[in-house]
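Descriptive structure summary
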Amino acid sequence: MCCGVWITAIAATIQLIAAIGKGRVGLVGWTRCDSPNGMTAAPPLIAFAHVGKSFDGGRGATPVVAVNDVSLDVAAGELLAIVGGSGSGKTTLLRLANRLIEADSGSITIDGEDVRKIDPIPLRRRIGYVFQSGGLFPHMSVADNIGITPRLLGLSAAEIASRVDELLDLVRLDRTQHRDRLPHELSGGQRQRVGVARALAARPRIVLMDEPFGALDPLTRDALGDDFRDLHRKLGLTTIMITHDMTEAILLADRIAVMRGGKLLAQGTPAELSSSDDPYVGELLRTPRRQAERLNVLLPRDGAA
Ligand SMILES: Nc1ncnc2c1ncn2[C@@H]1O[C@H](COP(=O)(O)OP(=O)(O)OP(=O)(O)O)[C@@H](O)[C@H]1O
Ligand SMILES: [Mg+2]
């Protein structure tokens, strides 16, 4: 990964974690939920209503409209994937939800409360965030990276150690082998697991993940995706996950939101999206379809694997 990307990811982590640290109160426990979510009738846990966000283009350039009148509901217990090309506004939408940046127009509610009326510190404590490009502190061990938020929230050393071990188990990293390593001593997949563990450290109900499984080999990506899907169910989380990979979105998410040029083009289950008459949505779905058809032909059904 290039230096600039590292620095951007870490700066974002510092901004988020420093803000959480100002709170310093106890943690609430996870509500474990082993049953499948009953999404249909429940009011949305996260609701974006006509949200807009522009950025100053700098030096007299025209402003960039990053998010343009987006309305999107996410039900409690739902795993929603956001897909779309580079620069379509996915990360901006996610950052608006926990007030890393503020919307110019529209409203975002969490559990019915307008996020502008919630102190950003308790708000971010309720929301785990997995950064695009990881964002682990390179000079800190795995245990210190995962334990940073519990430490800032005032947990004792013993409580933090046991929380770190619990999280390492959750993301299936061997405690003794990994807790004292530095991020550069881990594989990409292991680093991504640490990023997920850190996001879960304050036992949030909501997790926002920005391309959490990017840049991994297909097998590791598949395994991590499945593991996260299990965690999402087991912990009763509500998750928004950004991905560039439509196949990953179809396989992991309950619903998919498609963004383009700051606009929400379509949203729905994979089956609902497949009947969309939007040409861009059709194009996005063509690749997994074509791959599935080719795989069916190329891989004999009675093969060894
Ligand atoms: N802080 C900022 N200042 C100026 N422009 C910004 C800023 N953040 C994002 N943008 C612009 O807003 C648009 C949307 O950016 P965003 O990061 O949300 O895209 P994205 O869909 O996450 O893209 P990618 O898939 O490449 O991560 C882009 O044109 C980007 O250049
Ligand atoms: Mg992005």
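Preceding this section is the structure that the text describes.
This write-up is about the structure you can find in this document. (Residues numbered from 1 in each chain as written. Chains lettered and ligands numbered in written order. Predicted model: local features only at pLDDT ≥ 70, side-chain atom pairs only at ≥ 80, totals over all residues.)

Before going further, it helps to spend a moment on the sheet that holds strand 6 (residues 127–130). An order of 6-7-8-3-9-10 is seen for the six strands of this open sheet, with the pairing classed as mixed. Looking at the sheet topology across the chains shown, the edges are occupied by strand 6 and strand 10 (263–268). Along the sheet, successive strands turn relative to each other by an average axial angle of 15°, direction set aside. Bridging between strand 3 (residues 79–84) and strand 9 (residues 255–260) involves five bridges; their strand directions are parallel. Bridged to G84 within strand 9 is M259. (Pairing = 2+ DSSP bridges. Helix = DSSP H or I, 4+ residues; strand = E, 2+ residues; numbered from the N terminus. Axes fitted to C-alpha atoms, helices over the stretch in contact; angles between N-to-C directions.)

It is worth spelling out the pairing of strand 1 (residues 44–55) at this point. Alignment of strand 1 against strand 2 (residues 64–75), held across eight bridges, turns out to be antiparallel. Bridge pairing in strand 2 links P44 to A75.

Our focus in this paragraph is the site of ligand 1. Taken together, the residues surrounding ligand 1 are F55, V64, A66, G84, S86, G87, S88, G89, K90, T91, T92 and Q132. Residue assignment for the shell around ligand 1 shows that the elements contributing at least two residues are strand 2 and helix 2 (90–97). Take the shell around ligand 1: its biggest share by element is three residues, from helix 2. (Near = placed C-beta within 6 Å.)

What follows covers the sheet that holds strand 5 (residues 113–114). The sheet built from four strands is open, its strands ordered 2-1-4-5 with antiparallel pairing. At either margin of the open sheet sits one strand with a lone partner, and together these are strand 2 and strand 5. Taken together, the two bridges between strand 4 (residues 105–110) and strand 5 define a ladder with antiparallel strand orientation. Residue pairing across strands places T109 opposite D114, the latter belonging to strand 5. Lying on the sheet, helix 2 is in contact with strand 1, strand 2 and strand 4; it crosses strand 2 at an angle near 60°. (Contact = placed C-beta atoms within 7 Å.)

This next bit is on helix 11 (residues 279–298). A rise of 1.5 Å per residue sets the reference length of helix 11, with its 20 residues, at 28 Å; its end C-alpha atoms lie 28 Å apart and thus fit the reference within 8%. At R286, helix 11 is bent by approximately 25°, the largest bend along its length, and proline P288 sits one to four residues beyond. For helix 11, the tally of buried residues reaches only two of 20 residues, placing the bulk of the element at the surface. (Expected span 1.5 Å × (residues − 1). Bend = angle between axes of the 7 residues up to and from the residue. Buried ≥ 20, exposed ≤ 12 C-beta atoms within 10 Å, placed from the backbone.)

Without other data, these values stay purely geometric and don't point to any function.
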